[in-house]
Amino acid sequence: MNNFICALSGQTPISDPVALPTGQICSKKLLLTKLHETSNRNPFQPDAPPLDESQLVSLVCNSKRDIIVPPRNPTQNSIPNILQTLSSEYDALVLELFDTRKALQETKEELTHALYQNDAAVRVIARVVMERDMARKELAQWKVSDRTCGEIMQVGNEAASTTTSSSGTTTGANKRKRMAEEEPAMVHAEDHEMNENVAKTDQVTSGIPDTIKKELKDRWTVLSSERKAKTKGSDGYAAFEDIQSFAAVKKSYHKTSVKGILAMTGGGGRGGAGDGHDKIITSSKDKHLYVYDWEEEKVKHNFAAKAVAGGAGLLDCVGDLVAMVDSNGGLKVLAGNKFVTLSGKGDDEDIALDHVVGVKVHPTGRHVFVAEKSGKIWLFELDSENEIMKEATTWNGLEDKSDDISCTCVGLHPDGLILAIGRSDGKIGLWDLNTEKLATTLAMSNQAESSPITVIDFSEKGVHLASVDDKGNVSVWDLRKQKSMISMNIPEGVSCVSFCPIGKYFAYGTLKGQVVVTAVKDWDKKAILSDGDKGAISGLSWGKDAKSMAVTSTTSRVVKIWGLLDK
């Protein structure tokens, strides 16, 4: 009988016994595995020469009866023992699984912290890069003026040094005479160079004229002082339940067979200059502008514009000044009862606008901001006497000046000193018109998924800004924290938005003909206004105390007034 005991495992009998040169007997399979792990090193004598398989001596049994199957472990000879063994192995497996899950959770937490730190670092780097670029611009402007002053001081010092060092000899007299002759020419040349540098600096900055800036600031002072009282809801202000009960009363203003209103502006909830608080202005496919008086409920004026608005948000008015971007990217301005022409800074200089994408009338009722796709921003001032809109200044609204980024739309703060620039990369630049600098840039955290901004609208309180991109993502920003309060995706797309007069409710119109009203800060509350028209909403305008709303669409010539039928 095979009674060999394996020197490695201690098991007996051995099915494949072999003898080592050093005298030990082992299982051949187990020994070869050990030699492979230890690079042929003898497991019993590590200092001995490497051990090869050819050095092993196989021990053959005399008969088949000597090959005995190893006996079963004594602890597994009965069913209760087997069950106990399985239970022990199960418990060990469960404990190992628990440890594995715990390690997985710790790894997830570490990864979360790492991603948060990476995001914070990216934000800090972006802000530092922006501050660096702004510092470079200011340094470049400072160097121009500093170089000019330095050259003037250098010339003056050289002249003074030469005059002081001259003696009473004939040579000194000649030097003084020559300096007296050359100094006027040098001063004249230096003055000419200084004037050129100043002109170049003015050409780069191209600031808003002081007289216009004073008008803008004076209007801001008045509006900001009245803002708190104007945006405080009265006792009769509409409740959200009232809006949910709105019904539409259809009123047809565009008496034509060409159906479709492409843009609407105005309303009883917006501030401005003159008597433009309670009127609606619409542009339809019949190439006419209609002025509707909300209080008298009738059409007051009908102007043949000979052009149609390029889309929702491309029509704006304050008082008697109406500005519209037509479908060809041109600009039309209606002052009172006449369309006025555009004029450059020179008396006979013509203006050539290139692909206008946005227009906003300032609360002064005399100034218009125009944005081109290239990022160039124009400021025009109304000259009523000559019936022209005269160019005041221009600047580049895209601070990075990249060829891949373009301007897509504009918005103007209700107080008139913050101009918002929507961009094709999904960012919004806020320009401070007082300092004429970029104040900040709003951008979503998932910037890689951003799309061009198509609509921008400020709340009447001036603390909230709503933006829409071309994928139907609607975001409402808190300008005090420069953070997004809410971001929601509307699959059917959004064409226009509007805050109620006190900023309590927020409405957006979809490309499928629905108007959705939500409560600000309580975004789950929604009221849907729809009468079955599937045309894209082209205009939203709130009435006084949010008790009514004017709505237009691109497939109907009807202006719908939504409100409570019993009031």
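Residues numbered from 1 in each chain as written. Predicted model: local features only at pLDDT ≥ 70, side-chain atom pairs only at ≥ 80, totals over all residues. Heavy atoms only, no water.

Q: Is there a simple way to think about the overall build of the protein in this case?
A: Regarding its fold elements, the protein presents 5 helices and 31 strands. Burial status across the protein gives 40% buried among its 567 residues. Intrachain contacts of the protein at a sequence separation of at least 6 include 49% that bridge at least 24 residues. For the protein, the exposed area adds up to about 31900 Å²; of that, 52% sits on carbon and sulfur atoms. (Helix = DSSP H or I, 4+ residues; strand = E, 2+ residues; numbered from the N terminus. Buried < 20%, exposed > 50% of the residue type's maximum accessible area, 1.4 Å probe, protein only. Contact = heavy atoms within 4.5 Å. Areas by Shrake-Rupley, 256 points an atom, 1.4 Å probe, with all protein chains shown as cover.)

Q: Which parts of the structure should I look at to understand the pattern of salt bridges?
A: Note that side chains of opposite charge can pair when their charged atoms are close. Across all of its chains, the model carries 16 salt bridges by this definition. Across the pair K560 and D531 runs a salt bridge whose closest N-O atoms are separated by 3.3 Å. Taken together, the residues K560 in strand β31 (residues 558-563) and D531 in the loop between β28 (522-529) and β29 (537-542) connect sequence positions 29 residues apart. We classify D531 as partly exposed; its relative accessible area is 32%. Through salt bridges with shared partners, a single ionic network connects E215, R366 and E381. (Salt bridge = Lys/Arg side-chain N within 4 Å of Asp/Glu carboxyl O.)

Q: Whenever I open this one, the pairing of strand β30 (residues 548-553) confuses me. Can you help?
A: Side-chain direction in a regular strand flips from residue to residue, so the side chains alternate between the two faces of the sheet. Among the 6 residues that make up β30, 6 are buried, leaving the element largely enclosed by the rest of the structure. Side chains of β30 alternate between two faces, with S548, A550 and T552 and M549, V551 and S553 buried alike. When β29 meets β30, the two strands line up antiparallel, connected through 5 bridges. Looking across to β30, one finds that I537 is bridged to S553. Here β29 hands over to β30 after 5 residues, with D545 in that stretch at a positive phi of 55°. Pairing geometry for β30 and β31, over 4 bridges, is antiparallel. Opposite S548, over in β31, you have G563 as the bridge partner. (Pairing = 2+ DSSP bridges.)

Q: What should I look at first to understand the nonpolar core in this one?
A: One recurring pattern in soluble globular proteins is that nonpolar side chains are buried together. In this structure, Y505, V515, V517, L540, W542 and M549 are the most contacted members of the largest nonpolar core, which totals 23 residues. Mapped onto this core, the elements with two or more residues apiece are α5 (240-244), β26 (505-510), β27 (515-519), β28, β29 and β30. In terms of nonpolar packing, the next biggest core, distinct from the first, is built from 19 residues, V357, L379, L417 and W431 among them. (Core = buried A, V, L, I, M, F, W, Y, C linked by side-chain atoms within 4.5 Å.)

Q: Where do I start with helix α4 (residues 210-230) in this structure?
A: In an α-helix, one full turn covers 3.6 residues, which means residues spaced three or four apart are oriented alike. End to end, α4 covers 29 Å across 21 residues, agreeing with the expected 30 Å (1.5 Å per residue, within 8%). Against the buried residues of α4 lie β14 (367-372), β15 (376-383) and β16 (388-396). (Expected span 1.5 Å × (residues − 1).)

Q: I would appreciate a short explanation of empty space enclosed by the protein in the present structure.
A: It is a probe the size of a water molecule, rolled over the atoms, that shows where empty space is left. Under the definition given, this model contains 2 cavities of 30 Å³ or more. Taken as a whole, the largest cavity holds about 50 Å³ of empty space. Taken together, G513, V515, L529, D531, D533, I537, V551, T552, S553, K560 and W562 form the lining of the largest cavity. Only β30 and β31 provide two or more residues apiece to the lining of the largest cavity. Residue contributions to the lining of the largest cavity peak at 3 residues, all from β30. Looking at the lining of the largest cavity residue by residue, the classes come out as 5 nonpolar, 3 polar and 3 charged. (1 Å grid on protein atoms, 1.4 Å probe; cavity = no way out; pocket = protein on both sides within 12 Å on 5 of 7 lines; lining within 4 Å. Points joined across faces, edges and corners; volume = space filled by probe spheres on them. Nonpolar A, V, L, I, M, F, W, Y, C, P; charged D, E, K, R; others polar.)

Q: Looking at this model, I keep getting lost on the confidence of the model for the protein. Mind explaining?
A: If pLDDT is low for a region, its predicted coordinates should not be looked at in detail. Per-residue pLDDT for the protein averages 80, and the proportion of residues at 70 or more is 81%. pLDDT under 50 marks residues 155-173. Its contacts with residues more than four places away, or in other chains, come to 9 contacts. Segment residues 268-276: pLDDT under 50, and 31 contacts once partners within four positions in sequence are set aside and those in other chains are kept. (pLDDT = per-residue confidence, 0-100.)

Q: So what exactly am I meant to see when it comes to the side chain of T440 here?
A: Along the chain, T440 turns up in strand β20 (residues 437-442). Taking relative accessible area as the criterion, T440 reaches 10% and is therefore assigned buried. There is a polar contact of 2.9 Å between the side chain of T440 and the side chain of Q482. In contact with T440, not counting residues within four places along its chain, are I428, G429, L430 and Q482. (Polar contact = N/O pair within 3.5 Å; in protein donor to acceptor, adjacent residues only side chain to side chain.)

Q: Hey, could you run me through the sheet that holds β28 in this one?
A: Neighbouring strands of a sheet are bound in pairs by backbone hydrogen bonds; such pairs are parallel or else antiparallel. Strand order in the open sheet formed by 4 strands is β25-β26-β27-β28, with antiparallel pairing between adjacent strands. The outermost strands of the open sheet, each flanked by one partner alone, are β25 (494-499) and β28. For this sheet, the mean inter-axis angle between neighbouring strands, taken without regard to orientation, is 25°. Bridging between β27 and β28 involves 5 bridges; their strand directions are antiparallel. Within β28, the residue paired with T518 across the bridge is K526. (Axes fitted to C-alpha atoms, helices over the stretch in contact; angles between N-to-C directions.)

Q: Help me out: how do you make sense of the sheet that holds strand β23 (residues 473-478) in this one?
A: Sheet architecture is open: 4 strands sit in the order β21-β22-β23-β24, paired in antiparallel fashion. Of all strands in the sheet, those with a lone pairing partner are β21 (453-458) and β24 (483-489), marking the two edges. Across the sheet, the axes of successive neighbouring strands diverge by a mean angle of 15°, strand direction being ignored. Pairing between β21 and strand β22 (residues 464-469): 5 bridges, direction antiparallel. Looking at β22, one finds that V455 is bridged to V468.

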